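Each chain is listed here by its residues.
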Protein chains: 2
Amino acid sequence: MLKNKVKELRARHSYSQIHLAALTGVTRQTIGFIEKGEFSPSVTLALKLSQHLQVTVDELFWLEEEKN
Amino acid sequence: MLKNKVKELRARHSYSQIHLAALTGVTRQTIGFIEKGEFSPSVTLALKLSQHLQVTVDELFWLEEEKN
DNA sequence: ACATTATGTTATGTTTACCTTACATTTTAA
DNA sequence: TTAAAATGTAAGGTAAACATAACATAATGT
């Protein structure tokens, strides 16, 4: 399953969901869903998020084993 | 716009579209569409592709300026 | 030359990312 | 303490990712 540290890095930058959403061109709900791990964003959005959070996509998102 | 070097790296590994598709759990048409740049895959698929092509997501995919 | 495998491409269908709206709750700041 | 800002969440809609199927052409091997 897909994991990420968007919430953690967003906090580190003191960005609100609204601000990060504006920076990346999506709504704050989309940011919220991604932080909750409710869906897998497009690689385009992943790239934009990683740029604004100043990490690589591979640092921001990774795949983990399913635990049943 | 989103660019990638899936086709180039797939060739370097001598993988057919069918083989890479099987490795990543999608159809060969999906691989074909991605190589043509016709859509932006999910970051989950991007991660799987990058693992099998042995590069990072950031090396495989990047954003470029629109020309007009 | 022929068979096989790989690729290009198009059409139709399903699933899911993402949007809009809305309201409730939590957190922050005056 | 009260208003404002931020967050959680849910319903319903649209668009795009991805599937399936089909057929044509190109490339590869015998």
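To be clear, the structure that these remarks concern was listed above.
Just so you know, these numbers come straight off a predicted model, no measurement behind them.

**Regarding the packing of helix α2 (residues 17-24) of chain A against helix α3 (residues 28-35) of chain A**
Residue and element names in this part refer to chain A.
Moving on, step 1. Look at α2 against α3: their axes get within 8 Å of each other, and the N-to-C directions meet at 105°. Here α2 lies roughly perpendicular to α3, going by the angle between them. Contact residues: Q17, I18, L20, A21 and T24 in α2; R28, I31, G32 and E35 in α3.
Moving on, step 2. Of the residues contributing to the contact of α2 with α3, the split by class is 4 nonpolar, 3 polar and 2 charged.

**Side note on the protein's contact with DNA strand C**
Moving on, step 1. As a structural note, the neighbourhood of DNA strand C is formed by 21 residues, with Q29, T30 and F39 of chain A together with Q17 and R28 of chain B the closest of them.
Moving on, step 2. The contact atoms of DNA strand C, taken as those within 4 Å of the protein, divide so that sugar and phosphate hold 61%.
Moving on, step 3. Between DNA strand C and the protein, one listed contact pairs a phosphate oxygen with a backbone N or O atom of S42 of chain A at 3.3 Å.
Moving on, step 4. The separation between a base oxygen of DNA strand C and a polar side-chain atom of R28 of chain B is 2.5 Å.
Moving on, step 5. Elements with a minimum of two residues in the surface near DNA strand C: α3 of chain A together with α1 (6-12), α2 (17-24) and α3 (28-35) of chain B.

**Observations concerning the relation of the copies chain A and chain B**
Moving on, step 1. Mapping chain A onto chain B is achieved by rotating through 180° and translating by 0.0 Å along the same axis, at an RMSD of 0.0 Å. Both chain copies can therefore be described as sitting about a two-fold axis.
Moving on, step 2. Mapped onto chain B, 100% of the interface residues of chain A again fall at the interface, so both copies present the same surface.

**Brief notes about the packing of aromatic side chains**
Residue and element names in this part refer to chain A.
Moving on, step 1. On inspection of all chains with the given rule, the structure shows 2 aromatic pairs over all chains.
Moving on, step 2. Where F33 meets F39, the ring centres are 5.8 Å apart and the plane angle is 45°; that geometry is what we call tilted.
Moving on, step 3. By relative accessible area, which is 37% here, F33 ends up partly exposed.
Moving on, step 4. Under the relative-accessibility criterion, F39 is labelled partly exposed at 39%.

Quick notes on the rules
- Residues numbered from 1 in each chain as written.
- Chains lettered and ligands numbered in written order.
- Predicted model: local features only at pLDDT ≥ 70, side-chain atom pairs only at ≥ 80, totals over all residues.
- Heavy atoms only, no water.
- Axes fitted to C-alpha atoms, helices over the stretch in contact; angles between N-to-C directions.
- Helix = DSSP H or I, 4+ residues; strand = E, 2+ residues; numbered from the N terminus.
- Parallel < 35°, antiparallel > 145°, perpendicular 65-115°, else oblique.
- Contact = heavy atoms within 4.5 Å.
- Nonpolar A, V, L, I, M, F, W, Y, C, P; charged D, E, K, R; others polar.
- Near = heavy atom within 4 Å.
- Polar contact = N/O pair within 3.5 Å; in protein donor to acceptor, adjacent residues only side chain to side chain.
- Least-squares fit on C-alpha atoms with pLDDT ≥ 70 in both.
- Phe/Tyr/Trp six-rings, centres within 6.5 Å; stacked < 30°, edge-to-face > 60°.
- Buried < 20%, exposed > 50% of the residue type's maximum accessible area, 1.4 Å probe, protein only.

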